[in-house]
Amino acid sequence: MTNPVVAIVGRPNVGKSTLFNRIAGERISIVEDTPGVTRDRIYAHGEWLGKNFNMIDTGGIELSDQPLLTQIRQQAEIAIDEADVIVLVVDVESGVTDADEQVARILYRSNKPVVLAVNKVDNPERRNDIYDFYSLGLGEPYPVSSVHGVGLGDLLDAVIHNFPENAANEDDDSIRFSLIGRPNVGKSSLVNGILGENRVIVSNMAGTTRDAINTRFVAKDGQEFTMIDTAGIRKQGKIYENTERYALMRAMRAIDGSDVVLVVLNAEEGIREIDKHIAGYAHEAGCGVIIVVNKWDTLEERDQRTMTDFTNLIRHEFQYLSYAPIIFVSAKTKQRLNKLPEMIEEVYAHHERRIKSSVLNNVIMDAIAANPTPTQNGKRLRIFYATQVATAPPTFVVFVNDPELMHFSYERYLENQIRQAFDFTGTPIHIIKRQRQ
């Protein structure tokens, strides 16, 4: 199910990026007192009261004909169009300005829920100044201090209250998968090859696909799929066009809404640094992952040795995706494309797999017997029991005497033992350490 999107907008220098960083829990956006520092939309995940959402930080909306300010305004308007809820940030120190009223007029036209955040309310005396902002016609103003974190709870309560109902996907029993990769690796050609028709525009010009395109189809075994083609993801420093910046958010939403992600590589061009960056999105989202090496037919010399060498290169460059299966295909000649639906079904089944606690604990105890738990400062790690608490991805809680005693290397050892005992090909698994009460 796709996470709701929250866009943080406002005129320049009202503290949007500081608020964004405070909600995200880390310093993602550049914060500076110079107006216009945040030029592009920046994305991050947020969470409040168990509700997950995506956030967009935007450049300040300023109605001017200067080229840079025009682009910033366009970016903010695109973010507004993509958002489910909009947070308008204003500055209590400046009061209601003409620019605030102009931004409010833009938001009126969006027909989206708007939550009004009055920033820089750092002391109780300033709370009396927030009532002037009722004049913007956007409802109740929420006083916050993004620097100190004051008032964020009430603000976020209002934000999640306006999230849309996600009932649309509840009856969808299709397997949702998306194709991601840098521009011109052949994602759209793969879509057409899988479907056996020209469903989407295909071009050799990088960046042809702008939006995420959903297509439903039924495999030979009767399984329904929803396939999502996404625009190519570029390095952030090479994102020039507004539509390409917009496409990145679409791709991120496609990943969030996918059960399985196909990371598409170009055999002709080899592995680029951006490929690893892109694959990281799917891994961090906890999706099932298949690495698809496209354009295999373009290699002049290709045999089993070539495929083995390329596989070894992938395993070396994508060490965090050691669980992901690899398939070499050609969208042009349809080579091995018929195997993809079956692979996706298999990875999806592993992604949804649940293990009985009794069987899981037998594996954990055998692992401890073969490789005893480590000691630290004379204190030995004790593992009492483990249980699976979630699927998609499979998530296990291991109860111990002290979580600090479980080194990363021993946690990885337990993960490997679980993978050896149960087939989790294509899916990440998460291990959470908890102290037994």
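See the structure printed just above.
What counts and how
Residues numbered from 1 in each chain as written. Predicted model: local features only at pLDDT ≥ 70, side-chain atom pairs only at ≥ 80, totals over all residues. Heavy atoms only, no water. Helix = DSSP H or I, 4+ residues; strand = E, 2+ residues; numbered from the N terminus. Buried < 20%, exposed > 50% of the residue type's maximum accessible area, 1.4 Å probe, protein only. Contact = heavy atoms within 4.5 Å. Areas by Shrake-Rupley, 256 points an atom, 1.4 Å probe, with all protein chains shown as cover. Phe/Tyr/Trp six-rings, centres within 6.5 Å; stacked < 30°, edge-to-face > 60°. Lys NZ or Arg CZ within 6 Å of the ring centre and 35° of its normal. Salt bridge = Lys/Arg side-chain N within 4 Å of Asp/Glu carboxyl O. Expected span 1.5 Å × (residues − 1). Pairing = 2+ DSSP bridges. Axes fitted to C-alpha atoms, helices over the stretch in contact; angles between N-to-C directions. Right-handed = clockwise from strand over helix to strand, strands pointing away.

Draft legend 1. Structural view of the overall build of the protein chain. Each helix and strand in the protein chain was counted, giving eleven helices and 17 strands. Relative to its full complement of 437 residues, the protein chain shows a buried share of 52%. Across the protein chain, every contact between residues at least 6 apart in sequence was considered, and the portion connecting residues at least 24 apart equals 70%. Counting every atom, the protein chain has about 21,100 Å² of accessible surface; 45% of that belongs to carbon and sulfur.

Draft legend 2. Looking closely at the packing of aromatic side chains. This model, assessed by the stated rule, comprises twelve aromatic pairs. Judged by centre distance (5.9 Å) and plane angle (85°), the ring pair of Phe177 and Phe225 falls under edge-to-face. A residue pair is termed long-range when its members are at least 10 positions apart, and Phe177 in strand 7 (residues 175–180) and Phe225 in strand 9 (residues 224–229) qualify at 48 residues. Look at Phe310 and Phe328: their rings are 5.9 Å apart centre to centre, the planes differ by 90°, and that puts the pair in the edge-to-face class. One end of the pair, Phe310, is in helix 8 (residues 304–317); the other, Phe328, is in strand 12 (residues 326–328), and 18 residues separate them in sequence. On the basis of relative accessibility, which here comes to 10%, the residue Phe310 falls in the buried class. Members of the aromatic cluster, each reached through a chain of ring pairs, are Phe177, Phe217 and Phe225. Residue placement shows Arg353 over the ring face of Phe424; its charged tip is 5.9 Å from the ring centre. Over the aromatic face of Phe384 sits the side chain of Arg436, whose NZ or CZ is 3.7 Å from the ring centroid.

Draft legend 3. A look at the pattern of salt bridges. Evaluated as defined, the whole model comprises 15 salt bridges. In this structure, the salt-bridge partner of Arg11 is Asp100, at a minimum N-O distance of 2.8 Å. Placement of Arg11 in the loop between strand 1 (5–9) and helix 1 (16–24) and of Asp100 in helix 3 (residues 98–110) is noted, with a sequence separation of 89 residues between them. For the pair Arg11 and Asp100, a shared accessibility class is recorded, and that class is buried. A salt bridge links Glu93 to Arg126; the shortest N-O distance between them is 3.2 Å. Pair noted here: Glu93 is in the loop between strand 4 (85–91) and helix 3 and Arg126 is in the loop between strand 5 (114–119) and strand 6 (141–143), with a separation of 33 residues, a long-range link.

Draft legend 4. Structural view of helix 7 (residues 273–285). Here helix 7 contains 13 residues, and its C-alpha end-to-end distance of 19 Å stays within 8% of the 18 Å for a straight helix at 1.5 Å per residue. Gly286, located one to two residues past helix 7, shows a positive phi value of around 80°.

Draft legend 5. Geometry of unusual backbone geometry. Of note, the amide linkage connecting Ala392 to Pro393 takes the cis form, showing an omega dihedral of 5°. Within the element layout of this structure, Pro393 appears in the loop between strand 15 (383–390) and strand 16 (395–400). The phi dihedral of Lys334 is positive, around 70°, even though this residue is not glycine. Judged by its relative accessible area of 43%, Lys334 falls in the partly exposed class. The backbone of Arg336 sits at a positive phi, close to 65°, despite the residue not being glycine. Positionally, Arg336 belongs in the loop between strand 12 and helix 9 (340–351).

Draft legend 6. Layout of the environment of Asp173. Note that Asp173 resides in the loop between helix 4 (152–161) and strand 7. Taking the C-alpha atoms as reference, Asp173 lies 7.5 Å from Glu224; in sequence the two are 51 residues apart. Other than its neighbours up to four places away in sequence, Asp173 contacts Gln223 and Glu224.

Draft legend 7. The sheet that holds strand 17 (residues 430–435), seen in detail. Within the open sheet, the three strands sit side by side as 15-16-17. Their pairing is mixed. Both outer strands of the open sheet, strand 15 and strand 17, are each paired with one neighbouring strand and no more. Neighbour-to-neighbour, the strand axes of this sheet turn through a mean angle of 25°, independent of strand direction. Across six bridges, strand 16 lies against strand 17 in parallel orientation. Opposite Val398, over in strand 17, you have Lys433 as the bridge partner. Set on the sheet, helix 10 (residues 357–370) makes contact with strand 15 and strand 16; between it and strand 15 the angle comes to about 140°. The sheet contacts of helix 11 (residues 408–421) involve strand 15, strand 16 and strand 17, and relative to strand 17 the element is tilted by about 125°.

Draft legend 8. Spotlight on the pairing of strand 5. With six of six residues buried, strand 5 lies mostly within the body of the structure. Burial of the side chains of strand 5 extends over both faces: Val114, Leu116 and Val118 are buried on one face and Val115, Ala117 and Asn119 on the other. As paired strands, strand 4 and strand 5 are joined by six bridges and run parallel to one another. Within strand 5, the residue paired with Val90 across the bridge is Val118. Handedness of the crossover is the feature at issue here: the chain leaves strand 4, passes through helix 3, returns alongside strand 5, and the resulting connection is right-handed. In this sheet, strand 6 lies alongside strand 5 in parallel orientation, the contact comprising three bridges. Across the sheet, residue Leu116 finds its bridge partner in strand 6, namely Pro141.

Scope: geometric values only; no functional claims are made or implied.
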